[in-house]
Each structure stands twice: as structure tokens, then as C-alpha cells.
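Each chain, written out:
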Amino acid sequence: MTAAPLTPTPASVPTARATTATSGRVLARVTRTEALLFLREPSAAFFGLAFPAVLLVVLGLFMPWADQPFDEKDPVLSQITAITGYTPIVLALAIATVGFSTFPTPIATYRGNGVLRRLATTPLPSSRVLAAQVLVNVATLVVASVLAVVLGVVVLDISLPADPLALVLGFVLGATSTMAVGCLIAARAPNTSSANGVGMLLYFVSLFFAGVWMPLPLMPEIVQTISRYTPVGAASQAMGAGWYGQPFPATELLVMAAWTLVGVPVAAKIFRWS
């Protein structure tokens with residue numbers, strides 16, 4: 001007896017390709033719908049897309065310290081203006097806004113309203129909604145960050161980063177680690193108010209450790225050390241090191257990678273659809 005061939009038959013290949021194409025179209029359609037829903041919420045759209053750029057420009061134009069050296073006592077930080085030194089902190093704020101606010105809240109809202117449970121009875125996999133949320137929020141973060149940097153360069157004449165590679169690594173790992181924590185919120189929050197409550201608590205604590213209230217280089221050493229082991233604080237320090245030309249932020253990058261590698265699998269394991 002001759003064994004059956006293990007390779008797909010010609011008829012099965014178009015079917016597999018058609019299934020993949022259909023899945024891609026479904027995800028694109030769901031992502032478009034989620035993006036439109038996001039833009040219909042004025043407060044979410046403003047804070048997710050415009051707030052980092054508005055904050056940076058307002059500080060640069062109206063704060064008297066904006067053109068002064070970032071830290072006169074430091075040989076590196078004394079070479080840049082305070083508003084340049086504040087730019088990576090604003091990028092950390094953008095990351096925190098998406099990771100702790102705009103990302104987990106819609107998923108918790110869908111759970112509280114029974115949307116996820118109802119989707120389970122339709123041909124549309126619930127995973128498409130989650131993937132669409134990730135895509136929308138990643139796009140939001142990229143647009144907000146690019147807008148802030150472009151306006152900073154054009155309007156405020158901020159200096160460009162000294163080490164773009166360290167900056168990009170800090171930004172990417174900052175986004176993944178913060179959204180990993182956002183996944184933990186989204187995995188269990190039963191409704192909108194719960195997600196908002198937990199997310200806002202983490203958000204404002206993270207802004208402190210990111211240096212939004214007072215720039216990290218000017219904070220006590222103990223605060224900087226604690227900050228280094230939080231996702232947003234590590235992102236702020238890593239991006240700052242890349243922007244200011246300080247030593248490569250290996251510790252901060254490893255911390256953010258650890259948050260990502262632990263947070264995402266745990267969130268997937270404890271995720272509730274209803």
C-alpha cells in the first residue's frame with residue numbers, strides 16, 4: 001500500500017489562502033470599526049493623540065525654565081535645554097496614557113456590557129476584537145509620539161537624540177511592558193469603572209516615577225532607583241539616556257523586557273471573556 005502524500009493537494013492550497021485572506025479582511029474591518037469608535041470619544045482621542053504634544057509645546061512656550069540648562073551641575077545635562085530634557089518624559093507620558101487608560105478600558109467595557117460573551121456565539125472570533133484594540137492603541141501611541149517630537153523640533157527647537165538606537169529600544173520596550181500591565185487590567189476588570197479606577201491609579205503613580213511632576217535627573221537617588229524597576233519609569237530613563245547621550249541603558253531595557261515576558265502570558269492565562 002502506498003502512503004498518502006503529506007503535502008497539501010492543489011485544491012487545499014487555494015482554500016488555505018482564501019481562509020487567511022478572509023481572516024485578514026475581517027481583522028482590518030474590525031480594526032477600522034474600533035478606530036472609529038475611539039475617535040468618537042473626544043476625551044480619549046485628545047488625551048491619546050494630542051495631549052503629549054500640547055503639554056510639550058505649552059511648557060516650552062510658557063515656562064521660564066524651558067530654555068535654561070536641564071541640570072547645571074551635570075556635565076551632560078548642562079549641554080541641553082530643559083525642554084529638550086523633558087521630551088523623553090513626555091514620550092513616557094504618552095506610553096502610560098495608552099497602556100493604562102485607552103487600551104484596557106474598552107475591553108473591560110465590552111466585558112461589562114456582555115459584548116465579549118455575545119461575540120463568542122457568532123462566527124467572529126473574540127480574539128479579533130482584542131487584536132484590533134492592540135493595533136488601534138499602538139497606532140495611537142505612534143501618532144502621539146511622532147506629533148510631540150515633530151512639534152518639539154519645529155516649534156521649540158529641541159535637540160535631536162544623541163543615541164537613536166537606545167531611544168527606539170526604550171520606546172518599544174516601554175510600550176510593550178506598559179501594555180503588558182494594561183493587559184493584566186483588561187484581563188480581569190469586570191467593567192469600565194473598575195478598569196478606569198485601577199488604570200488611573202497606576203497612571204498617576206507611573207507619571208511620578210517617569211519624572212512628569214519633577215524631572216527624574218533632579219530627583220533623589222532612591223526615587224530614581226525605584227523608578228528604574230517600573231515599566232514607565234524604566235522607559236523614561238532609557239529614552240532619556242538615548243536622548244541625552246548617557247551610557248547605554250541596559251538595566252532599564254532588561255527590566256522592561258522582563259515585565260513584557262511575564263505580564264503578557266499571565267494576562268492570557270487569567271483572561272475572562274465574561
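Each chain has its residues counted from 1, running along the sequence as written. Restriction of local features to residues with pLDDT of at least 70 applies here, the model being predicted, together with a cutoff of 80 or more for giving and counting side-chain atom pairs; totals for whole chains, interfaces and linings are based on all residues. Only hydrogens and water are set aside when side-chain values are computed; all heavy atoms of the structure are taken into account.

Looking up the protein chain in an unreviewed UniProt entry gives the name Transport permease protein, with the organism given as Cellulomonas cellasea. UniProt's Sequence similarities (unreviewed entry) comment on the protein chain is quoted here verbatim: "Belongs to the ABC-2 integral membrane protein family." UniProt positions are given in the numbering used here, feature names are shortened, and annotations may be inferred rather than shown by experiment.

Caption draft 1: View of the overall build of the protein chain. Segments assigned H or I by DSSP are reported as helices when at least four residues long, segments assigned E as strands when at least two residues long, and all are numbered from the N terminus. Along the protein chain, the regular secondary structure elements total eleven helices and zero strands. In the protein chain, the succession of α and β elements from N to C terminus is α-α-α-α-α-α-α-α-α-α-α. The 274 residues of the protein chain split such that 43% are buried. For every residue, the accessible area (1.4 Å probe, protein chains only) is compared with the maximum for its type, and the residue is labelled buried under 20%, exposed over 50%, or partly exposed between those bounds.

Caption draft 2: Up close: the packing of aromatic side chains. Centre distance within 6.5 Å is the pairing criterion for rings of Phe, Tyr and Trp, where only the six-membered ring of Trp is used; planes under 30 degrees apart are then read as stacked, over 60 as edge-to-face, and the remainder as tilted. A full pass over the atoms with the stated rule returns seven aromatic pairs. Aromatic pair Trp65 and Tyr86: ring centres 6.1 Å apart, planes at 50°, arrangement tilted. Residue Trp65 is located in the loop between helix H2 (42-62) and helix H3 (82-102), and its partner Tyr86 is located in helix H3; the two are separated by 21 residues in the primary sequence. Each ring, one from Phe208 and one from Phe209, has its centre 5.2 Å from the other, and the planes form 70°; the classification is edge-to-face. Look at Phe209 and you get buried, because its relative accessible area is 16%.

Caption draft 3: The packing of H3 against helix H8 (residues 192-210), seen in detail. Axis geometry follows a simple rule: fit a line to the C-alpha atoms, using only the stretch in contact for helices, then measure angles between N-to-C directions, giving values from 0 to 180 degrees. Interhelical geometry of H3 versus H8 gives an angle of 165° and a closest axis separation of 9 Å. Accordingly, the angle class assigned to the pair H3 and H8 is roughly antiparallel. In terms of crossing hand, the pair formed by H3 and H8 is right-handed. Two secondary-structure elements touch here, H3 through Ile89, Ala92, Leu93, Ala96, Thr97, Phe100 and Ser101 and H8 through Gly199, Met200, Leu202, Tyr203, Ser206, Leu207 and Ala210. Of the residues that constitute the contact of H3 with H8, the class distribution is ten nonpolar, four polar and no charged. Comment on the angle field: the value is read as roughly parallel under 35 degrees, roughly antiparallel over 145, roughly perpendicular from 65 to 115, and oblique elsewhere. Take the far helix as your reference; a near helix turned counterclockwise from it by less than a right angle gives a left-handed crossing, and one turned clockwise gives a right-handed crossing. Should any heavy atoms of two residues lie within 4.5 Å, those residues are considered in contact. Each residue gets one label: Ala, Val, Leu, Ile, Met, Phe, Trp, Tyr, Cys and Pro are nonpolar, Asp, Glu, Lys and Arg are charged, and the others, such as Gly, are polar.

Caption draft 4: Quick peek at the packing of helix H7 (residues 164-188) against helix H10 (residues 231-244). With their axes 8 Å apart at the nearest point, H7 and H10 run at an angle of 170° to one another. Between H7 and H10, the angle is such that the two are roughly antiparallel. On H10, the residues that touch Ala166, Leu167, Gly170, Phe171, Gly174, Ser177, Thr178 and Val181 of H7 are Pro231, Val232, Ala235, Ala238, Met239, Gly242 and Trp243. Residue composition of the contact of H7 with H10, by class: ten nonpolar, five polar and no charged.

Caption draft 5: Just the pattern of salt bridges, in detail. Whenever Lys or Arg places a side-chain nitrogen within 4 Å of a carboxyl oxygen from Asp or Glu, that contact is recorded as a salt bridge. The full count for this structure, using the stated rule, is one salt bridge. Two residues, Glu252 and Arg228, come together in a salt bridge whose shortest N-O distance is 2.8 Å. With Glu252 in helix H11 (residues 250-270) and Arg228 in helix H9 (residues 221-228), the pair connects residues that are 24 residues apart, well separated along the chain. Neither Glu252 nor Arg228 differs from the other in exposure class; each is buried.

Caption draft 6: Up close: the UniProt feature "transmembrane region" (unreviewed entry) in the protein chain. As recorded in UniProt, the feature "transmembrane region" (unreviewed entry) lies at residues 44-66, 86-108, 129-153, 165-186, 198-216 and 253-271. As annotated, residues 44-66 has a helix share of 83% and a strand share of 0%, and its two end C-alpha atoms lie 28 Å apart. Strand forms 0% of residues 198-216 and helix 68%; the C-alpha atoms that close the span are 24 Å apart.

Caption draft 7: Highlighting the side chain of Gln224. As for its position among the elements, Gln224 is in helix H9. In this view, Gln224 contacts Leu216, Pro217, Met219 and Gln237; residues no more than four positions away in its chain are not counted.

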